[in-house]
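# Coordinate inspection notes
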Amino acid sequence: MLLKAAEMEFTRVPFFEASIANIVKTAAISRGSFYQYFEDKDDLYFYLLEDKLKMAKTYFSVLLEKHQGDLIEALIELQNFFLLALSDEEEKQFLKNALLYTTHRVESSFASIWDTYLEQEEFKKVGKLIDQDLLNIHAEKELLHIFKIVSAIAFNNLIEKTAKGLSDEEAIESFKLSMSLLKHGIYNSEVQDK
């Protein structure tokens, strides 16, 4: 009940306006009970946000299998998944409030989709799903760096959709353009050979 009450509060108002008093009142628990589970409002907020992002981590592996290891195609579909989540009114408002409350910690939560792969075992599992012959990389650290670059682009795309009010179609087209530039490089192949 506490988590549902918190989600309702963080959906209703931006983070800085949300109050523990409203959360415990809606959950019908004492303030002391709240502190048995969470240190403060930030702790609860990031618990909810990271819980929502866990599903994306699992889904990413499924998408890699679906697209026969094509990292770019899997990422485009994953971004589309996030954009569709922003179409559900409650999810949209929760994520909108998260994106409008953008801090390093919020950005880090979104980037944690990729940070999981810094854990060797998880990285090896996902690395096996990626067709690395499609990529111009020579070492694991380059693959990790690709994850960081893509994470920054995906996060920026979500902020742009939210702040500028882009339609789902406009946002995914913008993301596809970014992925195409990554896939094909930003330099003309004739210039690269010089």
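Our subject is the structure that appears above.
The numbers attached to residues start from 1 for each chain and follow its sequence in the written order. Local features in this predicted model are restricted to residues whose pLDDT is 70 or higher, and side-chain atom pairs enter the listing and the counts only when it is 80 or higher, whereas totals over whole chains, interfaces and linings include all residues. With hydrogens and water set aside, each side-chain value is computed from the structure's full complement of heavy atoms.

## Here we look at the overall build of the chain
Comment: elements are numbered from the N terminus, with helices defined as DSSP H or I runs of at least four residues and strands as E runs of at least two. For the chain, the count of helices and strands is 11 helices and zero strands. From first element to last, N terminus to C terminus, the chain shows the α and β order α-α-α-α-α-α-α-α-α-α-α. A 1.4 Å probe rolled over the protein chains alone gives each residue an accessible area, and that area as a share of the maximum for its type sets the label: buried under 20%, exposed over 50%, partly exposed in between. Classification of the 194 residues of the chain by burial places 41% in the buried group. With residues, only the protein chains shown are counted as cover, and all accessible areas are computed by Shrake-Rupley using a 1.4 Å probe. As displayed, the chain has an accessible area near 11,200 Å², and 53% of this comes from carbon and sulfur atoms.

## Section: the layout of surface pockets
Remark: the empty space left among the atoms is shown by a probe the size of a water molecule rolled over them. Of the grid points, spaced at 1 Å and generated over the protein atoms alone, those admitting a 1.4 Å probe that cannot get out make up cavities, while open sets with protein on both sides within 12 Å along at least five of seven lines make up pockets; any residue with an atom within 4 Å of a point is treated as lining. Grid points are joined across faces, edges and corners, and a volume is the space filled by probe spheres set on the points. Approximately 450 Å³ is the volume found for the largest pocket. Surrounding the largest pocket, 18 residues form its lining, Leu 135, Asn 136, Ile 146, Leu 182 and Lys 183 being those nearest its centre. Elements with a minimum of two residues in the lining of the largest pocket: helix H5 (71-85), helix H9 (140-164) and helix H10 (168-184). Of all the elements, H10 adds the most residues to the lining of the largest pocket, at four residues. In this count, Pro and Cys sit with the nonpolar residues alongside Ala, Val, Leu, Ile, Met, Phe, Trp and Tyr, while Asp, Glu, Lys and Arg are called charged and the others, Gly among them, polar. When the residues that make up the lining of the largest pocket are grouped by side-chain class, the tally is 11 nonpolar, four polar and three charged.

Scope: geometric values only; no functional claims are made or implied.
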